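Reading the structure
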Amino acid sequence: MSTAVPTQVGEPAGRRAQRKRGGPTQTTDRTKAERKLALMLCAPAVIAMLLVTVYPILYAIVLSMQKVDLRFPEESGFVGLSNYGAVLSSPLWWQDLFNTSLVTVTSVAIELVLGMALALVMHRALFARGTIRTAVLIPYGIVTVVAAFAWFFAFDPSSGFVNNLPLIPDEKAWFGNRQDAFTVIILTEVWKTTPFMALLLLAGLATIDEGLYEAARVDGASAWQRFWRITVPLLKPALLVALLFRTLDAFRVFDSIFIMTRGSQDTESVSILGYNQLISRLNLGLGSAVSVLIFILVLLIAFVFVRFLGTAVPSQGDKK
Amino acid sequence: MSGRILITIATIALAVGVSACGGEDTSTSGPVTLNWFIFNEPSGGPQKIADRCSKQSGGKYEINFEFLPAQADQQREQLVRRLGAKDASLDLLGLDVVWTGEFANAGWLAPVPASTERAVTANVFDSVLQTARFEDRLYTIPIWSNTQLLWYRKDRVRTPPKTWDEMIDIGEKLGPTRGRIQVQANRYEGVVVLVNQLIESAGTSILAGPKTVKLDKAPTEKALAIIGRLSNSTAAASNITTSTEDTARLGFEGPANGPSDSSFMINYPFVYPSAKTNRPKTVFPNMGAAQFPAVEAGKPSKPPIGGINIGVSSYSKHKAEAFAATECLVKPDNQLEIATAGGLPPVREDLYDQPEIDKVYPGFADEIRRAIKNAAPRPSESPAYQDLSLAIQRAVHPTTKIDPKNPEPTYDTLRDNVEKAVKREGLL
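Residues numbered from 1 in each chain as written. Chains lettered and ligands numbered in written order. Predicted model: local features only at pLDDT ≥ 70, side-chain atom pairs only at ≥ 80, totals over all residues. Heavy atoms only, no water.

**Regarding the nonpolar core**
All names here are of chain B. By size, the foremost hydrophobic cluster in this structure holds 67 residues, and its most contacted members are L79, F103, W164, L414 and V418. Considering each element in turn, this core owes the most residues, seven residues, to helix α16 (residues 385-396). Inspection of this core shows a minimum of three residues originating in each of domain 1 (30-146 + 306-373) and domain 2 (149-304 + 382-422). Other than its neighbours up to four places away in sequence, L79 contacts F37, L68, L90, L93, G94, L95, W99 and F103. Among the nonpolar cores identified, the runner-up in size contains 61 residues, and L34, L129, I338 and Y352 belong to it. (Core = buried A, V, L, I, M, F, W, Y, C linked by side-chain atoms within 4.5 Å. Buried < 20%, exposed > 50% of the residue type's maximum accessible area, 1.4 Å probe, protein only. Helix = DSSP H or I, 4+ residues; strand = E, 2+ residues; numbered from the N terminus. Domains from an automatic or database assignment. Contact = heavy atoms within 4.5 Å.)

Right, here's the structure in full:
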């Protein structure tokens, strides 16, 4: 079906323009009919998407330019960009943005290394392949809130086992200072989502031709050289996709911070900030401005990955 | 063929839908169902009295429970989402005492009619009624109250301290293996309670009116200095910056296989039955109760006030029945029932003369009565109370950062934050 749809994302601009001007027509009745069918088949999905994603996004943008506070129904009206001004001029926003970036960068970096190691192990496993792959995936199958509670209780001084371990002081209050709290939050994120990273990388590894390794081995390349010269370059598309997905995901970190510190000890993320404005204060205007800013940042991250790092988006995957 | 099947299905769906919608409204015979959204109070007391009232109504109404989560902020979140969407399925609302202002200002609560007001306010503590009013109108009906006492170890401390400074002195003398003080100072509502009660006990208050900040400098700084002193004292619990009602309870009860390092705890009365179950031989027999400590000797303290008030949703289709139901629910016998089942203090002062209350609070019923009588509510007269709460939390947490010798920087932040919160400006 997809071959019948002529406009590919990566198509050279010239050719597209040519067709627009009504150049040499190759569109037969059959392709026209197929296109129509394709549109009709896509329509329900597109309409559903519009309803459940585009409408709320647009509504949030509209709300973000208004003064809306559910507790004060009589005071409302259009205020332009002043909500954005309030957010961007607040030191809290910048502090929370820094915190979010810190969690994102650290956890994704650790996940990448661990995920790669796990993927290599799963790829090369000689026995019990299925069991190993299933076992590695368990943390990813656990609901984030549940995982966050499990880690919270493990590190909690009154109920946890961690403080009973050797080398750790019995009285250590893990959520009582910023550094330790961040450590636990990042560990939770890493534990939870490394399997996701590993799985995407494993899929990438499976596409690499074994023959290349054999040839390299014959030429006397060491394991280290084979990894850096063959695995990493050929894995790059899968690697960047995995990094992109995880970065976008990590940037919206909410559950573990909410469960463990509620943002205290200066561990607040931008999502928690949005929650406080929207749910605690019921200040829908200000809260929507925070949400829209998070949305824009997520778009920016995706743009940077695709544009500058050359992450392949699915439709042009074959070009890479 | 398939078309006919579709039509049949659609007709059935429509018929079911219509009957489901119509059933509630048009029924002239049979009791109306009143949905009571409230957290699942573990003793089951509320269910018992609701069943009793449904029966006594003579077929007028039937109270149905819709349970909310255990955490207060999650309860609020669910109520707010439904009320924000004008959900008509809510009739009775179990509201935390600090939500009255914001729910009333949002137009979510039906004001209590005069006839009901007379019936439900008789003999009720003034401090409790203060939490039920907004702009001089009664919007909610108090059903049970709560307050904090000072719990101490009778075997280690002969007479309970009257002031915070005295308590910290004794705690420091007893040392970190025996003299710790358990409070609530994590960044959540609990630390707002601590700060508010100390400020009130020092002789000032956070607000002077719904939109005016009070916070007189000298007494507020005195209150903050005490919090700073406690937090940095050897008598503070090691987890003070993350402490809650529950960590305080666990800290006071101590480990199962050794002595507790704590001799003092500020907490609600639920800790009493808890110690009885968990440490029946060690901690429980030595547990004493006294008033929330004062800031200055000779100036009585202002203990906190908690509990539940019932509101009637302004979107309810059965307001008359709902108010009749609340009148029944808060009857003296029913309040006693709730106290007996779940240990929740009644809101009517005259009930503290009943022998049942002495059984629920053996030896400290009068302390609870006095604490509720002297209690000072949090500044929930402001509809922006959640803003205030967040602003206060941000200003004082972590309490270890308050310099007891120079509390001025914290005072300045607090004042600044509270002023912004009252105006609902900026991010919080």
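**Describing unusual backbone geometry**
Cis peptide bonds are those with omega within 30 degrees of zero, and the linkage from H397 of chain B to P398 of chain B qualifies with -5°. Counting through the fold element by element, P398 of chain B comes out in the loop between α16 and α17 (408-423). Even without glycine at this site, D266 of chain A takes up a positive phi of about 55°. The topology assignment puts D266 of chain A in the loop between α10 (255-260) and α11 (270-280). On the basis of relative accessibility, which here comes to 32%, the residue D266 of chain A falls in the partly exposed class.

**Considerations on the confidence of the model for chain A**
Per-residue pLDDT for chain A has a mean of 85; in total, 88% of the residues score no lower than 70. For the stretch residues 316-320 of chain A, pLDDT sits under 50, and the model shows five contacts to residues farther than four places along the chain or on other chains. (pLDDT = per-residue confidence, 0-100.)

**Description of the sheet that holds strand β7 (residues 149-153) of chain B**
Residues and elements named next belong to chain B. As summarised here, the arrangement of the four strands in space is β8-β11-β7-β12, forming an open sheet in which the pairing is mixed. Looking at the sheet topology across the chains shown, the edges are occupied by β8 (180-182) and β12 (287-290). Neighbour to neighbour, the strand axes of the sheet diverge by 20° on average, direction disregarded. Pairing of β8 with strand β11 (residues 262-267) involves three bridges; the strand directions are parallel. In the sheet register, I181 faces β11, and the bridge partner there is F264. Contacts between helix α10 (residues 245-253) and the sheet are confined to β7, β8, β11 and β12, with β11 contributing the most and set at about 155° to the helix. (Pairing = 2+ DSSP bridges. Axes fitted to C-alpha atoms, helices over the stretch in contact; angles between N-to-C directions.)

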